[in-house]
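# Observations on the three-dimensional arrangement
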Amino acid sequence: MTGFFKLLACVMLLLVPYFLILAQGDSFEPPSRESIEDRTFFSRLDDSLAEALPFQTRLRQLGLRLGLLGGQREQNDIFISDNGLIKNIDATSEVRISQNVGAILRLAERIQIPTYLMLLPTASAILQEQLPPYANIYNNQRQTIEDIYSQMSGQVTVADVYPLLYNLRGEYLYYRTENNLTPQGGYYVYTVLGAKLVGRRELVELDQLDIQYLPEPYYGDLYQKSPYQNVRPDTLSLFRYQAYPREYLVTHYGNGGIKTYHTLYPTHLAGLGQGPDVYLGGISAITTIRTTNAPPRSLLIFGDKTALAYLPFLANNYQDITLVDLFQLTPTLSNRIQPDQYHQVLFAYSLETFDSDIPLRAERLLD
Amino acid sequence: MELVSLSFFYIFLPVCISVYFLAPRRLRPAALLFVSLIYYLFAQPKSVPLMAITVLLDFVSLRIMSREKASAPLRRGCLWFSVVKNLLVLFWAGASVQIRPAEAVLGVAVYCLSGIDCVASVYRRETPAVTSPVRFGLYCLFFPRLYQGPLLTYGEFDSHLDAGPRPGPLQILDGLCRMLLGAVKILLPGRYLSLLYVTLRAYSADASILSRWCMVLVLALTTFYRLSGYCDMAVGLGGVFGLRLPQNFYYPYQSRSVQDFFQRFLVTVSGFYRRLFYGGQQDAPMPPAADANQIIVIGMLLGLWFGMSAPHMMWGIFLAAFAVMERRLYPNALERIPTLFRRMYTLLVVLVSFALLAGDSPTQSLRFVADLTGLTGLVPWNNQILYLLSTNWLLLLIGCFFATNICSLLITTLRRAVPKWMPALLAAADGVLLLLVTGLLIG
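Residues numbered from 1 in each chain as written. Chains lettered and ligands numbered in written order. Predicted model: local features only at pLDDT ≥ 70, side-chain atom pairs only at ≥ 80, totals over all residues. Heavy atoms only, no water.

### Looking at the overall build of chain B
Heads up, the condition is: Here a strand is any run of E in DSSP of at least two residues, a helix any run of H or I of at least four, and the numbering for each starts at the N terminus. Our radius of gyration looks at C-alpha atoms and nothing else; its globule reference is 2.2 Å times the residue count to the power 0.38. Between buried and exposed lies partly exposed: a residue is buried under 20% and exposed over 50% of the maximum accessible area for its type, with that area taken using a 1.4 Å probe on protein chains only. Residue contacts are counted whenever heavy atoms from the two residues lie within 4.5 Å of one another. In short, Shrake-Rupley with a 1.4 Å probe defines the accessible areas, and a residue's cover is counted only from the protein chains shown. In this tally Asp and Glu are treated as negative and Lys and Arg as positive; neither His nor the chain ends contributes. Lys charges are placed at NZ, Arg charges at CZ, Asp charges at CG and Glu charges at CD.
If you tally the helices and strands in chain B, you get 18 helices and zero strands. Radius of gyration (C-alpha) of chain B: 23 Å, near the 22 Å computed for a compact globule of 443 residues. With respect to the principal axes defined by its C-alpha atoms, chain B has extents near 70 × 55 × 45 Å. Of all 443 residues assigned to chain B, the portion counted as buried reaches 54%. Contacts spanning at least 24 positions in sequence make up 75% of the contacts within chain B whose residues lie at least 6 apart. As displayed, chain B has an accessible area near 19200 Å², and 67% of this comes from carbon and sulfur atoms. Across chain B, 36 positive and 20 negative side-chain charges occur, with their mean positions spaced 4 Å apart.

Have a look at this one:
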């Protein structure tokens, strides 16, 4: 029997270096007095182990399934519905919204360029019928958007996409596994936004577009946080304009340098595991789109990642579009933006992003 | 490092087991003390000096008291020194937690109360002289006990250190199973119920009578699963290392009276207080007033196990008042009521007591109790509580089911029915539980 215990002890000892080696991620640092005292060392060790353990995805699924079995329909602020994952957003801050509205109005007055505002509702508002009954959601998005629009008082033109999206809520408007609009949802947004920007007659019709579906199933950022196994993956679709020949040059200016793509859809990125980057190559601090044979107009957009859904359509109506992501923009890069060189300026955010200091940042930038 | 973490299960625990079984038998207590100190160092290095000085001073007191030549005044002086010192440490630690809740000193209640218990029993000559710093250190600092005990006498602990049989494979598997079950209790019902409690507790304008009843039920279940989970881990790990630690909970929510509840909830803590205050006469008949006094004092101190605040004491005093009433005012009345109604009565009293425990201040505690009755004008129910119930009904059902002894009865039956298969069944259960714990920790 003593031999058994010695053997057990030796096996146990052999397991330790195995797990320690497993835990050696790139960012793993040896323990220090400070890291033990503030508990960051063991927290990092646990994280590394969690990432490195065999079958970690299945084990993670197990934990989630147990929560679901317990009746949980919400995890990490994400609702798990039969049709997909829907992010819950917090109620907007009235003070912040008011400051942002003021910032946009001041900006519009100063730059003297036609200014537009579009606020996009999130899936939790449009698809609220799919949420669990009595779910505690911020379901006042429509009212908030209308209140903001009413304060623009003719100085800023608004594009209200809420009614259209709500009427078409049965369609594939939002990704099932990502907190963003699909290209189909993006097209409907474009029909409302484009009508305000360039007029209804110039809009690209759906029958002028050739639709291509990427074969790889796509799991978005919500799935990374709540890997609910029963949710169907998303399909990435590309809407290519076929009516007139167009050439596109997409340039990204970011902290990593400059990248260019000669297409709106660099599909090779899907193979590299960067699914949403197949649209314009993703979003950088500054993204410019130059389209040959397009009407000679230019548009400056302060926006978020929702722009990836409707910009591929809008690109056909403008020779130059510049998309600025104020979250990523650094002071060095901000010198590249000259608003007076554009014909129009658009603020386009989801309501979730708008409830931040973004418009205030834009005001400071253009000061 | 936390007791319920991947680094503990996959790195620290294998090292502990290896160190223990590779050490020569006479050095095993030292090996266990060594890993316990390392654990403490990893878990809360800032508190190591306080812990070391406290335990060391208790040991010095014990050494002085254990001398044959030690006079009665000297022995009494050592006793009072140790008691006052430990109470001051406990008071300081309790006050610190009130100011900075994140800075609770790990295991302070366990090693201070263990120190007092040991010094008092040596003073009363109920325990022979304590001569080994290793054994005393291990008694105070055995790492799985640091979170929620259980508390036991030095004599009980010491008798298992080398006199007890060496743990066999079945005991080890059984111990690991118990430890992993404890972890599952903490991670599955404990964690999710605790999240649910935070949501329910946050209701203010959204509160309803139903939400307040749910809040106290969830708090009662959360308290049970968290405390008993840590105790199960301690008992299980004790079993792996050949130490037989007592249980702290005996399915308290199926008690047939409030007196019965006291004998099932935090049993070793109330046992410690009885030993401390009433020594060898704890079972002797007492005058009614003294008896009532004893119950109230122990109830109040039991509340302090949760934390040093007035609502915690109110919780204990409230329950103790019912226990006194049962004993003095209607001693035989409960016997005549069917068991189901006795259990319902006890559960009602216990749930109301948890409304007192939920408050941050006496006023808030009383407000919660008033909310339960609907006297504060709350609506019976609203959409918020219906949503929470519709999404958590299974969790509540599971929480209530596993708080009863039905599973325990099934396992006991299985053990009797297939004793030969127990090693294989336990090994399989260990594997499944380890996967479950890992999944819950990762997810």
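### Comments concerning the sheet that holds strand β13 (residues 344-350) of chain A
All names here are of chain A. Using the following cut-off: At least two DSSP bridges between two strands are needed for those strands to be called paired.
Reading across the sheet, the eight strands line up as β5-β4-β13-β11-β12-β10-β8-β9 and stay open at both edges, with mixed pairing between neighbours. In this open sheet, the two strands that pair with only one neighbour each are β5 (157-158) and β9 (257-261). Of the pairings in the sheet, the one linking strand β11 (residues 298-303) to β13 comprises five bridges and is parallel in character. The residue of β13 that forms the bridge with Gly303 is Ala348.

### Quick look at the sheet that holds strand β1 (residues 74-75) of chain A
Residues and elements named next belong to chain A. With antiparallel pairing, the three strands of this open sheet are ordered in space as β1-β2-β3. Sheet topology places β1 and β3 (85-87) at the edges, where each strand pairs with a single neighbour. By the bridge criterion, two bridges tie β1 to strand β2 (residues 78-80) in an arrangement that is antiparallel. Bridge pairing in β2 places Gln75 opposite Ile78.

### Topic: the packing of helix α1 (residues 6-22) of chain B against helix α2 (residues 28-43) of chain B
Residue and element names in this part refer to chain B. The condition that has to hold: Structural elements are reduced to axes, namely lines fitted to C-alpha atoms, with helices fitted over the stretch in contact, and the angle between N-to-C directions of any two is expressed from 0 to 180 degrees. By definition in this entry, angles of less than 35 degrees are roughly parallel, angles greater than 145 are roughly antiparallel, angles of 65 to 115 are roughly perpendicular, and the rest are oblique. Definitions for this section: a left-handed crossing has its near helix turned counterclockwise from the far helix by less than a right angle. A right-handed crossing has that turn clockwise.
Relative to each other, α1 and α2 sit at 160°, their axes nearing to 8 Å. With respect to each other, α1 and α2 are oriented roughly antiparallel. The handedness of the crossing between α1 and α2 is right-handed. Every residue of α2 that contacts α1 at Phe8, Phe12, Cys16, Val19, Tyr20 and Phe21 is listed here: Arg28, Ala31, Leu32, Val35, Ile38, Tyr39 and Phe42.

### Some details on the pairing of strand β12 (residues 320-324) of chain A
All names here are of chain A. Defined as follows: A crossover gets the label right-handed when its path from the first strand over the helix to the second runs clockwise, viewed with the strands pointing away from the viewer.
By the criterion of burial, β12 is predominantly enclosed, with four of the five residues buried. Pairing geometry for strand β10 (residues 286-291) and β12, over five bridges, is antiparallel. Paired with Thr287 across the two strands is Leu323, which belongs to β12. One ladder, built from five bridges, connects β11 with β12; its direction is parallel. By the bridge assignment for β12, Ser298 is matched with Asp320. In this fold, β11 hands off to helix α12 (residues 307-314), which returns the chain to β12; that crossover is right-handed.

### Some thoughts on the domain arrangement of chain A
Residues and elements named next belong to chain A. Quick reminder of the rule: By convention here, the domain bounds are inherited from an automatic or database domain assignment. The term buried area denotes the loss of accessible surface (1.4 Å probe radius) that occurs when two parts are joined, taken as the sum for both partners. N or O atoms within 3.5 Å of each other form a polar contact, as long as, within protein, one can give a hydrogen and the other can take it, and as long as residues adjacent in sequence are counted only when both atoms are side-chain atoms. Each residue gets one of three labels, nonpolar for Ala, Val, Leu, Ile, Met, Phe, Trp, Tyr, Cys and Pro, charged for Asp, Glu, Lys and Arg, and polar for the others, Gly among them.
You can read the domains of chain A as domain 1 (3-72) and domain 2 (86-366). The interface of domain 1 with domain 2 comprises five residues on the first partner and six residues on the second. Here domain 1 packs against domain 2, burying approximately 470 Å² in sum over the two surfaces, 56% of which is carbon and sulfur. Looking at the side of domain 1 facing domain 2, the largest losses of area belong to Gln61, Leu64 and Arg65, adding up to 73% of the total buried there. At the boundary of domain 1 with domain 2, the tally comes to zero residue pairs in polar contact (both at pLDDT 80 or more). The residue makeup of the side of domain 1 that touches domain 2, split by class, is two nonpolar, one polar and two charged.

### Details of the pairing of β9 of chain A
Residues and elements named next belong to chain A. Note that strand β8 (residues 248-254) and β9 share five bridges and pair antiparallel. In the sheet register, Val250 faces β9, and the bridge partner there is Tyr261. Connecting β8 to the next strand, β9, in antiparallel fashion are two residues.

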